[in-house]
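Each chain, letter by letter, is given below.
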Amino acid sequence: SRPPLPPQETVERLLRLHFRDARSRVNGDAQLLMAELLTIFARGERGDTGQPGPRTLGLGGSPGPYPRARRDPTPAAIPAGPARSRAGLRWVLPPQPGPAGQALPAAAPQQPLPPAEAAARAVRQAQAEDLERVDIEHVEKVLPQLVRPK
Amino acid sequence: LSSPGRALTPLSPQRLRAAVHYTVGRLCQDVAEDKQMQFSKQSVAAIAEMTFRQCETFAKDLEMFARHAKRSTITTEDVKLLARRSNSLLKYITQKSEELASSNMEQKEKKKKKSSVSKAGRTSGEQEATVSESEDSNMA
């Protein structure tokens, strides 16, 4: 099922933190929509990673990354099936893991990278290095534009 | 629902950062379980920082879109523009936006019916009673 949405007020505060103009506001409907967008964006390609317990479907087994609204009786506009979903649904093409120590190609800079996707890439990098733990260097290798947090 | 002009108690950037960090932490936990890997605290913090910065980009883009349309209030049209980079995200957001619009229409239709009933209903005491009950519930 779809993960819970962030509260609208949190969404507006988060956005207003970065506005250049103190008068900029977000109307109620836009707050709702942004809560949806942020929730879905954060999970990226992975879709319903909020499911508890082991998943019987692998990555890409669910019908597209973006879940149908349960209460919506009409069929979702999202194409079903992993094969068809490949082309239009990726935010960024995931690069193949390189040999141990080699950095993966950077994400296309103009595309925002969902955090779940960043996490998945860092995992692939750590696994390519035969490790069981993702450390900051793996994150940095897959996101060369990332600066260490202060 | 928040209205655009209502004053918000400001939440410190630290608290908002912490909220983002918490959410990203949960996502990393899901990925970790799925892949049977662990994430160090610093690796989670790095991804959370990246995400926080992306929110900044989203906010500035939204503000720019609204400003381009000569508005200071960001609307669903601006949010849809933000979603345009991914086909399926755009479809999903457009669908949600249509659902919002149609439920808003329903609200307006209900209000119109009530006001037209109240205009016609001066001769009917029953109708007036019904109208005032509904208005009371609207004000709740």
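Residues numbered from 1 in each chain as written. Chains lettered and ligands numbered in written order. Predicted model: local features only at pLDDT ≥ 70, side-chain atom pairs only at ≥ 80, totals over all residues. Heavy atoms only, no water.

## Quick notes on the nonpolar core
Residues Met34 and Leu37 of chain A together with Phe39 and Ile47 of chain B are the most contacted members of the largest nonpolar core, which totals 52 residues. At the level of elements, helix H1 (8-16), helix H2 (28-43), helix H4 (115-128) and helix H5 (136-142) of chain A together with helix H1 (13-35), helix H2 (41-68), helix H3 (76-82) and helix H4 (87-120) of chain B are the ones that each hand at least two residues to this core. The element best represented in this core is H2 of chain B, accounting for 12 residues. No fewer than three residues from each of domain 1 (13-72) and domain 2 (75-113) of chain B sit in this core. Aside from chain neighbours lying at most four places away, what touches Ile47 of chain B is Pro115, Ala118, Ala119 and Val139 of chain A together with Val24, Cys28 and Phe39 of chain B. (Core = buried A, V, L, I, M, F, W, Y, C linked by side-chain atoms within 4.5 Å. Buried < 20%, exposed > 50% of the residue type's maximum accessible area, 1.4 Å probe, protein only. Helix = DSSP H or I, 4+ residues; strand = E, 2+ residues; numbered from the N terminus. Domains from an automatic or database assignment. Contact = heavy atoms within 4.5 Å.)

## Brief notes about the environment of Ala118 of chain A
Looking at the element boundaries, Ala118 of chain A is found in helix H4. Relative accessible area serves as the criterion here: at 0%, Ala118 of chain A is assigned to the buried category. Each residue touching Ala118 of chain A, except ones within four places of it in the same chain, is listed here: Leu113, Val142 and Leu143 of chain A together with Ile47 and Met50 of chain B.

## Here we look at the packing of H1 of chain B against H2 of chain B
Residue and element names in this part refer to chain B. Two elements in contact, H1 and H2, have axes separated by 9 Å at closest approach and are oriented at 120°. Classified by the angle between their axes, H1 and H2 sit oblique to one another. Crossing handedness for the pair H1 and H2: right-handed. Two secondary-structure elements touch here, H1 through Pro13, Leu16, Arg17, Val20, His21, Val24, Gly25 and Cys28 and H2 through Val44, Ala45, Ile47, Ala48, Glu49, Thr51 and Phe52. Within the contact of H1 with H2, the residues separate by chemical class into 10 nonpolar, three polar and two charged. (Axes fitted to C-alpha atoms, helices over the stretch in contact; angles between N-to-C directions. Parallel < 35°, antiparallel > 145°, perpendicular 65-115°, else oblique. Left-handed = near helix turned anticlockwise from the far one by under 90°. Nonpolar A, V, L, I, M, F, W, Y, C, P; charged D, E, K, R; others polar.)

## Section: the packing of H1 of chain A against H2 of chain A
Packed helices, taken two at a time, are described by the angle their axes make and the gap between the axes. Residues and elements named next belong to chain A. Running from N to C, H1 and H2 point in directions that differ by 90°, and their axes come no closer than 9 Å. As summarised for this structure, H1 and H2 are arranged roughly perpendicular, according to the angle between their axes. Each of Gln8, Val11, Glu12 and Leu15 in H1 lies in contact with H2, whose residues at this interface are Gly28, Gln31, Leu32, Met34, Ala35 and Leu38. Class assignment of the residues belonging to the contact of H1 with H2 gives a composition of six nonpolar, three polar and one charged.

## Regarding the pattern of salt bridges
Residues and elements named next belong to chain A. The final tally for this structure, using the stated rule, is 14 salt bridges over all chains. For Asp21, the salt bridge is made with Arg23, and the minimal N-O distance between the two is 3.0 Å. Looking at Arg23, the relative accessible area reads 61%, which means it is exposed. (Salt bridge = Lys/Arg side-chain N within 4 Å of Asp/Glu carboxyl O.)

## What about the confidence of the model for chain A?
All names here are of chain A. Summing up the model confidence of chain A, the mean pLDDT is 68 and the portion of residues at 70 or higher is 50%. Element-level mean pLDDT values for chain A span from 37 in helix H3 (residues 82-89) up to 98 in strand E2 (residues 133-134). The model gives residues 48-98 a pLDDT under 50, and that stretch makes 93 contacts with residues more than four places away or in other chains. In the model, residues 101-108 has pLDDT below 50 throughout and makes 24 contacts with residues more than four positions away in sequence or in other chains. (pLDDT = per-residue confidence, 0-100.)

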